[in-house]
Amino acid sequence: VTARIDRLRARLDDLGAAGFLVSNPTNVRYLTGFQSSNAYLVVTPERAVVSTDFRYLEAARALEGVEVLESERDMAGWIAPRLSELADGPVAFEADSLTVASHDSLSGGGAELVPTTGVITGIRAVKDPEELDAIRAAAAILSAAYEALAEHGLVGHTELEIVWFLEKTMREAGAEAAAFDAIVGVGPHGAVPHHHPDDTQIGPNELVVVDAGARVHGYNSDCTRTFATGPLPEELERAYAVTKEAQQAGLDAVRPGLNGKDAHETAAQVIRDAGFGELSHGLGHGLGLDVHELPVLREGVDMTLEPRNVVTIEPGIYLAGKGGVRIEDLVIVTDSEPEILTTFTKDLVTLG
Ligand code: ZN
Ligand code: ZN
């Protein structure tokens, strides 16, 4: 934990700041291990100070490597006049994680405020070994849930029943939660990338897109597989084969130094060349304490991959009114081949 705070300290000079006020609860958790909906962390070259109200005080006092101050529930109002005591100069803050009202309160305290974005999320993009182990565990539970689903079958169940089957299976295997509400989309629903599952019954001869994740020690996993429920029209079979090829092209390209937009293009090109148009969403995203983190793999993104980034590779083809295919793996970027964490087969599996 102290090492993470030191990585933030190392950024202060560049930011022209004498301190950093962390207000994003996930970032506070990442830097201190402290889980609270109402806590700020102030990091200076010498100090790391958590302030929180009485409800969380006992938990905060158990933290190692940080000082704890009891604040009022109105965090911003309480800390505003104290910022200039804590930091000897300008204070960086998270411009993408502070309400306008909180910013107004902070401004009233007299400290010079420096807006920043992406500083801690940038640090979070490179995982430490402990984080990688949690993500591996979350991915193993998820892969096992897909194996269980293949045994269980799809036909005759509703989309929502399959969502519950996956969640129950993952929880029974030790997940603390589902990483997100699973997506199960049968037939035309599969052509809507973020379909909300409903009580539509799954019938034969359809494609079914299943996108799910598990959470372990706060860390998430994310995997999509697309199943058939019987023989398919030729166009859908071909869409599956092309998506699988595009996904493999994306995986093959993953290495340190690869640009987000170039990664996207490797897979997008396979889909385009096969006559299925443009890849309509980003190829992938980073993942950790949040399901969507840095780095991002999509058009227009200049960020390059580094070892110990954790990213998804998830191209899809969506044929309105007919069906969709998406295949998503979760991988760790290494100096050589990526470590693929989601192990369920990518061959087209037909389920009853
Ligand atoms: Zn997913
Ligand atoms: Zn994803």
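Per chain, the residues get numbers from 1 upward, laid out in the order the sequence is written. Chain A is the first chain written and ligand 1 is the first ligand written, with later ones labelled in order. Only residues with pLDDT of at least 70 are given local features in this predicted model, and only at 80 or more are side-chain atom pairs given and counted; all residues enter the totals for whole chains, interfaces and linings. To obtain the side-chain values, all non-hydrogen atoms of the structure were included, while hydrogens and water were left out.

A closer look at the overall build of the protein
Here is step 1: What counts as a helix is a DSSP run of H or I of at least four residues, what counts as a strand is a run of E of at least two, and both are numbered from the N terminus. Check the secondary structure of the protein and you find twelve helices and 19 strands.
Here is step 2: Radius of gyration means the value over C-alpha atoms here, while the globule rule gives 2.2 Å times the residue count to the 0.38 power. In summary, the protein has a C-alpha radius of gyration of 23 Å against a globular reference of 20 Å for 352 residues, a match within 12%.
Here is step 3: Principal-axis analysis of the C-alpha atoms places the extent of the protein at approximately 70 × 40 × 35 Å.
Here is step 4: Expressed as a percentage of its 352 residues, the buried residues of the protein come to 55%.
Here is step 5: Two residues qualify as a contact provided that any one of their heavy atoms is within 4.5 Å of a heavy atom in the partner residue. Looking at the protein alone, contacts between residues at least 24 apart form 65% of all its contacts between residues at least 6 apart.
Here is step 6: As displayed, the protein offers around 14,800 Å² of accessible surface, 49% of which is attributable to carbon and sulfur atoms.
Here is step 7: Asp and Glu count as negative and Lys and Arg as positive, but His and the ends of the chain are not part of the count. To locate a charge, take atom NZ for lysine, CZ for arginine, CG for aspartate or CD for glutamate. When the 27 basic and 55 acidic side-chain charges of the protein are each reduced to a single mean position, those positions are 2 Å apart. Summary of the burial criterion: residues with accessible area below 20% of their type's maximum are buried, those above 50% are exposed, and those between are partly exposed, where the area comes from a 1.4 Å probe applied to protein chains only. Here, Shrake-Rupley sampling with a 1.4 Å probe gives the accessible areas, and only protein chains in the shown set may cover a residue.

Remarks on the sheet that holds strand β9 (residues 207–212)
Here is step 1: Strands were regarded as paired on the criterion that DSSP finds at least two bridges between them. In spatial order, the strands read β8-β9-β12; together these three strands make up an open sheet with antiparallel pairing. The strands lining the two open edges of the sheet, one partner per strand, are β8 (183–186) and β12 (223–228). Shown here is a sheet whose adjacent strand axes are inclined to one another by a mean of 10 degrees, direction ignored.
Here is step 2: Sheet analysis places β8 next to β9, joined by four bridges and oriented antiparallel. Bridge assignment links I183 to a residue of β9, and that residue is D211.
Here is step 3: Note on geometry: axes are C-alpha line fits, over the in-contact stretch for helices, and angles between N-to-C directions span 0 to 180 degrees. Strands in contact with helix α10 (residues 159–172) are β8 and β9; relative to β8, the strand with the most contacts, it is inclined by about 145 degrees.

Quick look at the nonpolar core
Note on soluble globular proteins: their nonpolar side chains tend to be buried together.
Here is step 1: Core analysis: the biggest nonpolar cluster contains 38 residues, and L8, F20, V22, L31, F34 and L41 have the highest contact counts within it.
Here is step 2: Listed by contribution, the elements that provide at least two residues to this core are α1 (2–9), β1 (19–22), α3 (25–32), β2 (39–43), β3 (48–52), α8 (119–124), α9 (129–152) and β18 (329–332).
Here is step 3: A total of four residues in this core trace back to one element, the largest contributor, which is α9.
Here is step 4: Every residue in contact with L41, bar those within four places of it in the chain, is listed here: F20, L21, V22, V28, L31, T32, A48, V49 and V50. Buried Ala, Val, Leu, Ile, Met, Phe, Trp, Tyr and Cys residues form a nonpolar core when they are joined through side-chain atoms within 4.5 Å.

Here's the deal with the sheet that holds strand β11 (residues 219–220)
Here is step 1: One open sheet accounts for three strands, arranged β7-β10-β11; its pairing is antiparallel. Single-partner strands in this sheet number two, and they are β7 (177–178) and β11.
Here is step 2: Bridging between strand β10 (residues 214–216) and β11 involves two bridges; their strand directions are antiparallel. Paired with R215 across the bridge in β11 is N220.

A word on the coordination of the zinc ion (ligand 2)
Here is step 1: Within the protein, the atoms that donate to the zinc ion (ligand 2) are D222 (OD), H285 (NE2), E314 (OE) and E328 (OE), at distances of 2.1 to 2.2 Å.
Here is step 2: Around the zinc ion (ligand 2) sit four donor atoms, and with donor-metal-donor angles ranging over 77 to 155 degrees the site reads as irregular.
Here is step 3: Only N, O and S atoms count as donors, using a 2.8 Å cut-off from the metal and 3.2 Å for Na, K and Ca, and because water is excluded some sites may appear unfinished. All donors of the zinc ion (ligand 2) belong to a single chain; written as a sequence motif, their spacing is D-x62-H-x28-E-x13-E.
Here is step 4: The metal-metal distance between the zinc ion (ligand 2) and the zinc ion (ligand 1) is 3.1 Å, with D222 coordinating both. Of this pair, D222 sits in the loop between β11 and β12 while H285 sits in strand β13 (residues 284–286); the two residues are 63 residues apart in sequence, bridging distant segments of the chain. Geometry is assigned from the angles between donors: four donors with all angles from 85 to 135 degrees make a tetrahedral site, four or six donors whose opposite pairs exceed 155 degrees while the rest stay between 65 and 115 make square planar or octahedral sites respectively, and everything else is labelled irregular.

A few points about the coordination of the zinc ion (ligand 1)
Four donors placed tetrahedrally around a metal ideally meet at 109.5 degrees, and six donors placed octahedrally ideally meet at 90 or 180 degrees.
Here is step 1: The coordination sphere of the zinc ion (ligand 1) contains the protein donors D211 (OD), D211 (OD), D222 (OD) and E328 (OE), at a distance range of 2.0 to 2.6 Å.
Here is step 2: The coordination sphere of the zinc ion (ligand 1) comprises four donor atoms, whose angles at the metal cover 55 to 149 degrees; the geometry is irregular.
Here is step 3: Mapping the donors of the zinc ion (ligand 1) onto the primary sequence yields the spacing D-x10-D-x105-E.
Here is step 4: Taking the relative accessible area as the measure of exposure, D211 reaches 6% and is therefore buried.
Here is step 5: According to the relative accessible area criterion, D222 is buried, its value standing at 3%.

A word on the pattern of salt bridges
Here is step 1: Salt bridge, as used here, is a side-chain nitrogen of Lys or Arg placed within 4 Å of a carboxyl oxygen of Asp or Glu. Inspection of the entire model under this criterion finds 19 salt bridges.
Here is step 2: Close ionic contact of E278 with R272 constitutes a salt bridge, the shortest N to O distance being 2.5 Å.
Here is step 3: On the accessibility criterion, E278 (46% relative accessible area) is partly exposed.

Examining α9
Here is step 1: With 24 residues, α9 ought to run about 34 Å at 1.5 Å a step, and its terminal C-alpha atoms sit 34 Å apart, in line with that.
Here is step 2: Taken together, the buried positions of α9 are occupied by E131, L132, A134, I135, A138, A139, I141, L142, S143, A145, Y146 and L149.
Here is step 3: Taken from the residues just after α9, G153 is the one with a positive phi, measuring 90 degrees. Each helix should span, by expectation, one fewer than its residue count multiplied by 1.5 Å.

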